[in-house]
Structures are given as C-alpha cells and as structure tokens.
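Chain by chain, the residues run as shown.
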Amino acid sequence: TSFVSATGGSVSFACDYSDSIVLVYVQVMVGGKGAIRVTADGTDITNSTHSYMWYDGTTTQSNWNNGSVRRIASWNEVHAPASTSSVTYSVQYRAYTNTNANAFGINELFNGANWSYIECVEIKA
C-alpha cells in the first residue's frame, strides 16, 4: 500500500532553458484497485490524495490480474524545474489495500506489447 517505482517507468530529462516548463505525458495500462503518481526527483508532482484512482467494485477480483478490469489511461503533468539540470521523472503506484482482492498492477503484457510509458517535452516560456 506504499508507493513503489514502476520498473522501467522513469526518464531523465534536462531542459535547454531554465525558464522552461516540462510537460510530462504518462500512459499506463492498469488492472485492479490502486493509485498512481508521478514524481520529479522523488517529489510528488501529481498531488493525488486518494488511495484509489482506479477502483471497480463490480468485479470479482482475486488478484490485480485476475478478475479486474484492465484500463489504458493517460494524462499530463506540468513541472517547472527552474534549471537546466537533469531531473528524473518516475511513475509510482500502490494498491488500495494489502489483500489480493484489492491488489493493483501496471504494465501487464499482451503478446509482448508494452502499453505503458512516460515521455517529457520541454516548453519554452
């Protein structure tokens, strides 16, 4: 139920200009009940206050990848690093509770296809 970093879910990015902002685009394939956040060098920039961004009470879930609805979701976060130094943006996730019926997972593979990713774009102010 604590946030953990998603394997392969981070990117280091440096702006060319210190007054730029970074548009962080995230797409995830999720299953189960839980929450996701984006961090910049370990600091949460999502400001999600819920322990479950994804929750489907209608399913009979025996684990995050058994009986839960799969979803592909995407969103943007905006960050102003005020620097040209490299920043590591990471996707982190946590389960709703510590039972299998409330488990949560990301990046389930279908025939070797990876549905989740993170990318950054610099926007000059």
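Scope of this entry: the structure provided in the associated data block. (Residues numbered from 1 in each chain as written. Predicted model: local features only at pLDDT ≥ 70, side-chain atom pairs only at ≥ 80, totals over all residues. Heavy atoms only, no water.)

1. A look at the pattern of salt bridges
Taken as a whole and judged by the stated rule, the model has one salt bridge. Close ionic contact of K124 with D19 constitutes a salt bridge, the shortest N to O distance being 3.1 Å. On the criterion of sequence distance, the pair formed by K124 in the segment after β8 (117-123) and D19 in the loop between β1 (4-13) and β2 (21-32) is long-range, its members being 105 residues apart. When its relative accessible area of 44% is taken as the criterion, K124 is described as partly exposed. Residue classification places D19 among the partly exposed residues on the basis of a relative accessible area of 41%. (Salt bridge = Lys/Arg side-chain N within 4 Å of Asp/Glu carboxyl O. Helix = DSSP H or I, 4+ residues; strand = E, 2+ residues; numbered from the N terminus. Buried < 20%, exposed > 50% of the residue type's maximum accessible area, 1.4 Å probe, protein only.)

2. Considering the environment of T60
Looking at the secondary structure, you find T60 in the loop between β4 (43-44) and β5 (70-79). A relative accessible area of 74% means that T60 is categorised as exposed. Sequence separation between T60 and A101 is 41 residues; the distance between their C-alpha atoms is 7.7 Å. In contact with T60, not counting residues within four places along its chain, are N66 and G67. (Contact = heavy atoms within 4.5 Å.)

3. Regarding a nonpolar patch on the surface
Judged by side-chain polarity, I21, V78, V121 and I123 come together as a nonpolar surface patch covering roughly 290 Å² of accessible area. Position of I21 among the secondary structure elements: in strand β2. (Patch = residues over 30% accessible without salt bridge, like charges linked within 9 Å, V, L, I, M, F, W, Y side chains within 5 Å. Areas by Shrake-Rupley, 256 points an atom, 1.4 Å probe, with all protein chains shown as cover.)

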